[in-house]
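A structural walkthrough
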Amino acid sequence: MRETVDRAVLAVADNRLPLSGDITMLNRSAAEAPRPALQIAVTDGRLEPAGTASIATDASAALALIAQDAVDLLLSAEIRRVRVCGADECALRFVDRSPARNRRWCSMSRCGNRTKVRLHQARARRSERTTAD
């Protein structure tokens, strides 16, 4: 399922159609479990989502929920905002919801800061070598 969702999301994000086998697998999996009913709550005088009424009871039901979410994403406008993390050792997929739509990392606290620290250390080492020469 993970590979199917990944291939389909990357294809559609790149303005290509997913493989027919991936579409078939997503549709079959998504149909295996009904979507849990979304619940609402009042928080600070506003309506907000409060989770769902049911929980997947087994692995196939959980995979069906993942497939349903993938289908929703593939059909939404947000599919054009899917990015691959720019960190060398990450490659997580994420939806870029930044106002400028130019986010490079899956998380600033995870990959962004690590990458910036590595780049800073590399510049400092180059500077030290240049000074030593």
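Right above here is the structure, for reference.
Figured I'd write up the structure that's included with this text. Predicted, not measured: the structure shown is a model, and the values here were computed from it.

**Some points on a nonpolar patch on the surface**
Residues Ile-40, Val-42 and Leu-47 make up a contiguous nonpolar surface patch of roughly 350 Å² in combined accessible area. Mapped onto the elements of the fold, Ile-40 is located in strand β1 (residues 38-43). Of the residues examined, Ile-40 reaches a relative accessible area of 61% and is grouped as exposed.

**Section: the nonpolar core**
Grouped together as the largest cluster of nonpolar side chains are 13 residues, with contacts concentrated most on Val-5, Val-9, Leu-26, Leu-74 and Ile-79. The dominant element in this core, judged by the number of residues it contributes, is helix α1 (residues 2-13), at four residues. When residues no more than four places from it in sequence are discounted, the contact partners of Ile-79 are Val-9, Val-12, Ala-13, Leu-73 and Leu-74. Judged by nonpolar contacts, the second largest core, of seven residues, contains Cys-85, Ala-87, Phe-94 and Cys-111.

**Here's the deal with a positive patch on the surface**
There is a patch of like positive charges on the surface, built from Arg-123, Arg-125, Arg-126 and Arg-129. Along the chain, Arg-126 falls in helix α4 (residues 108-132). Its relative accessible area of 46% is what places Arg-126 among the partly exposed residues.

**Notes on α4**
Taking 1.5 Å as the rise per residue, α4 with 25 residues should run 36 Å; its terminal C-alpha atoms sit 34 Å apart, in good agreement. Of all the residues in α4, the buried ones are Cys-111, Gly-112 and Thr-115.

**What to know about the environment of Gln-121**
In this structure, Gln-121 sits in helix α4. Gln-121 gets classed as partly exposed once you look at its relative accessible area, which sits at 38%. Taking the C-alpha atoms as reference points, Gln-121 and Arg-110, eleven residues apart in sequence, are found 17 Å from one another.

**Side note on the packing of helix α2 (residues 20-31) against helix α3 (residues 59-75)**
Where α2 contacts α3, the axes come no closer than 7 Å and their chain directions differ by 125 degrees. Here α3 runs oblique to α2, going by the angle between their axes. Crossing angle aside, the handedness with which α2 passes α3 is left-handed. Facing α2, whose interface residues are Leu-26, Asn-27, Ser-29 and Ala-30, α3 presents Ala-64, Ala-67, Gln-68, Ala-70, Val-71 and Leu-74. Of the residues contributing to the contact of α2 with α3, the split by class is seven nonpolar, three polar and no charged.

Criteria and cut-off values
- Residues numbered from 1 in each chain as written.
- Predicted model: local features only at pLDDT ≥ 70, side-chain atom pairs only at ≥ 80, totals over all residues.
- Heavy atoms only, no water.
- Patch = residues over 30% accessible without salt bridge, like charges linked within 9 Å, V, L, I, M, F, W, Y side chains within 5 Å.
- Areas by Shrake-Rupley, 256 points an atom, 1.4 Å probe, with all protein chains shown as cover.
- Salt bridge = Lys/Arg side-chain N within 4 Å of Asp/Glu carboxyl O.
- Helix = DSSP H or I, 4+ residues; strand = E, 2+ residues; numbered from the N terminus.
- Buried < 20%, exposed > 50% of the residue type's maximum accessible area, 1.4 Å probe, protein only.
- Core = buried A, V, L, I, M, F, W, Y, C linked by side-chain atoms within 4.5 Å.
- Contact = heavy atoms within 4.5 Å.
- Lys, Arg positive; Asp, Glu negative; His and termini not counted.
- Charge placed at Lys NZ, Arg CZ, Asp CG, Glu CD.
- Expected span 1.5 Å × (residues − 1).
- Axes fitted to C-alpha atoms, helices over the stretch in contact; angles between N-to-C directions.
- Parallel < 35°, antiparallel > 145°, perpendicular 65-115°, else oblique.
- Left-handed = near helix turned anticlockwise from the far one by under 90°.
- Nonpolar A, V, L, I, M, F, W, Y, C, P; charged D, E, K, R; others polar.

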